[in-house]
Amino acid sequence: MSTVITETKVSPLSLTPELQRELDEQNARLESALPEEVISWAAERFGSQLTMATAFGPEGCLIISLLSKVAPATHVFNLDTGYQFKETLQLRDEMAERFGVRVELKRPELTVEQYEAKHGGPLYKTRPDQCCFDRKIVVLRKAIEGKHAWISAIRRDQSPDRAEAPIVGWDAKFQLVKVNPLANSTSADVWKRIMNDKIPYNPLHDQGYTSIGCWPCTRAVKLGEDERAGRWSGSAKTECGLHSLGEFRGQS
Ligand code: SF4
């Protein structure tokens, strides 16, 4: 029988008018702040109830490097779908060695072999939304259980889905505060800091992969193509569901 995408709520936090007011104030205050200032505020405000999700993109690597300076105790995790590039997993080790930040791998209940056997083959070919739901969203929900805030590495100029992302806002989808320290940074801003600070990055970026996810759903992009054109190429899918349009509510 086919799996059906379902939604559940797990966060202990609720959006009160007071919290919304605080988020609005902080969002306005931090709009012109440096990413490290945003991270410092989040770490101080949420302490051990702050977490970060990373897929080891350049933005994630930059944030990990900043966390190591301003909030090294922050929990960081990676959604290890079982379909990640080996280069991505090697980068995790390199980041730990360089910055002392050990990124925890959060995995789905079923291994790739078990999952594909259950569905009679890889779902990424036929039902990628379900595959992302099972191997990312469900795992993310478990990873953020008990947390009050999470840091993501999205930028507004990455896609229309991300264009309205605030620096700090309420994540209506996952019911916790979402902090986007690089929301108003550009790709050039991020790469400048990567190069200046000699931060490790995924070697696939030097082979035309501008945005890197799971290997079955990622290709290198051609000159002039959009930064995320290589993700789920040839299909209408543009996001895995972690950072979708409309997830932020009540931002002024
Ligand atoms: S990106 Fe592709 S392989 Fe990875 S979880 Fe989504 S559909 Fe599955």
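Residues numbered from 1 in each chain as written. Predicted model: local features only at pLDDT ≥ 70, side-chain atom pairs only at ≥ 80, totals over all residues. Heavy atoms only, no water.

1. A short note on the overall build of the protein chain
Note the cut-off: Put simply, DSSP marks the helices as runs of H or I at least four residues long and the strands as runs of E at least two long, and each gets a number from the N terminus on. Throughout, the radius of gyration refers to the C-alpha atoms, and the reference size of a globule is 2.2 Å times the residue count to the power 0.38. Any residue under 20% of the maximum accessible area for its type is buried, any over 50% is exposed, and the rest in between are partly exposed; the area is computed with a 1.4 Å probe on protein chains only. Contacts between residues were defined by any pair of non-hydrogen atoms, one from each residue, lying within 4.5 Å. Note that His is not counted, nor are the chain ends; the positive residues are Lys and Arg, and the negative ones are Asp and Glu. We put the charge of a Lys on NZ, of an Arg on CZ, of an Asp on CG and of a Glu on CD.
What the protein chain contains, in helices and strands, is eight helices and six strands. From first element to last, N terminus to C terminus, the protein chain shows the α and β order α-α-β-α-β-α-β-α-α-α-β-β-β-α. Over its C-alpha trace the protein chain gives a radius of gyration of 18 Å, about what one expects of a compact globule, namely 18 Å for 252 residues. Once the C-alpha set of the protein chain is aligned to its principal axes, its extents read approximately 50 × 40 × 35 Å. Classification of the 252 residues of the protein chain by burial places 53% in the buried group. The contacts of the protein chain with a sequence gap of at least 6 include a subset with a gap of at least 24, amounting to 73%. Mean positive and mean negative side-chain charge positions of the protein chain (33 and 34 charges, respectively) differ by 3 Å.

2. Things to note about the site of the ligand
For the record, the criterion: Think of it this way: one heavy atom of a residue within 4 Å of a molecule or strand is enough to make that residue near it. Classification convention: Asp, Glu, Lys, Arg as charged; Ala, Val, Leu, Ile, Met, Phe, Trp, Tyr, Cys, Pro as nonpolar; all other residues, Gly among them, as polar.
Contacts to the ligand come from Y83, Y124, P128, C131, C132, K136, C214, C217 and W232. Split into classes, the residues belonging to the shell around the ligand amount to eight nonpolar, no polar and one charged.

3. Remarks on the packing of helix α1 (residues 17–30) against helix α2 (residues 35–46)
Convention followed: Lines are fitted to the C-alpha atoms to define the axes, a helix being fitted only along its stretch in contact, and any angle between axes, read from their N-to-C directions, falls within 0 to 180 degrees. Angle categories are assigned with fixed cut-offs, so that under 35 degrees is roughly parallel, over 145 is roughly antiparallel, 65 to 115 is roughly perpendicular, and the rest are oblique. By convention the crossing between two helices is left-handed if the near helix lies anticlockwise of the far one by an angle smaller than a right angle, and right-handed if it lies clockwise.
In contact at an axis separation of 11 Å, α1 and α2 are set at 155 degrees when each is read in the N-to-C sense. Our classification of the angle between α1 and α2 gives roughly antiparallel. Here α1 runs over α2; the crossing is right-handed. Here L19, E22, Q26, R29 and L30 of α1 come into contact with α2, specifically with E37, V38, W41 and R45. Classifying every residue of the contact of α1 with α2 by side-chain character gives four nonpolar, one polar and four charged.

4. Digging into the side chain of S211
We apply this condition: The definition of a polar contact used here is a pair of N or O atoms within 3.5 Å, where within protein one atom must be able to donate a hydrogen and the other to accept one, and adjacent residues in sequence count solely through side-chain atom pairs.
Within the element layout of this structure, S211 appears in the segment after α8 (187–196). A distance of 3.4 Å separates the side chain of S211 from the side chain of R228, its partner in a polar contact. One polar contact links S211 to R231, side chain to side chain, over a distance of 2.7 Å. Residues within four places of S211 in sequence aside, it is in contact with T218, E227, R228 and R231.

5. Things to note about the sheet that holds strand β2 (residues 75–79)
Formally: By this definition, two strands are paired if DSSP reports at least two bridges between them.
If you trace the six strands from one edge of the open sheet to the other, you get β3-β2-β1-β4-β6-β5, paired in mixed fashion. Looking at the sheet topology across the chains shown, the edges are occupied by β3 (104–106) and β5 (168–171). Each neighbouring strand pair of the sheet contributes to a mean axis angle of 35 degrees, computed without reference to strand direction. In this fold α2 packs onto β1 (50–53), β4 (149–151), β5 and β6 (176–179), with an angle of close to 160 degrees to the strand it touches most, β6. Contacts between helix α3 (residues 58–70) and the sheet are confined to β1, β2 and β4, with β1 contributing the most and set at about 150 degrees to the helix.

6. Regarding the confidence of the model for the protein chain
To keep things clear, this is the line we draw: The score called pLDDT rates the predictor's confidence residue by residue, from a low of 0 to a high of 100.
Counting all residues, the mean pLDDT for the protein chain is 90, and 92% of those residues have values of 70 or more. Considering each helix and strand of the protein chain separately, the mean pLDDT is smallest for helix α6 (residues 123–126), with a value of 93, and largest for α2, with 98.

7. Here's the deal with unusual backbone geometry
Even without a glycine there, the phi angle at Q175 is positive, about 60 degrees. Within the fold, Q175 resides in the loop between β5 and β6. Positive phi, normally seen in glycine, also occurs at K198, with a value near 50 degrees. The topology assignment puts K198 in the segment after α8.

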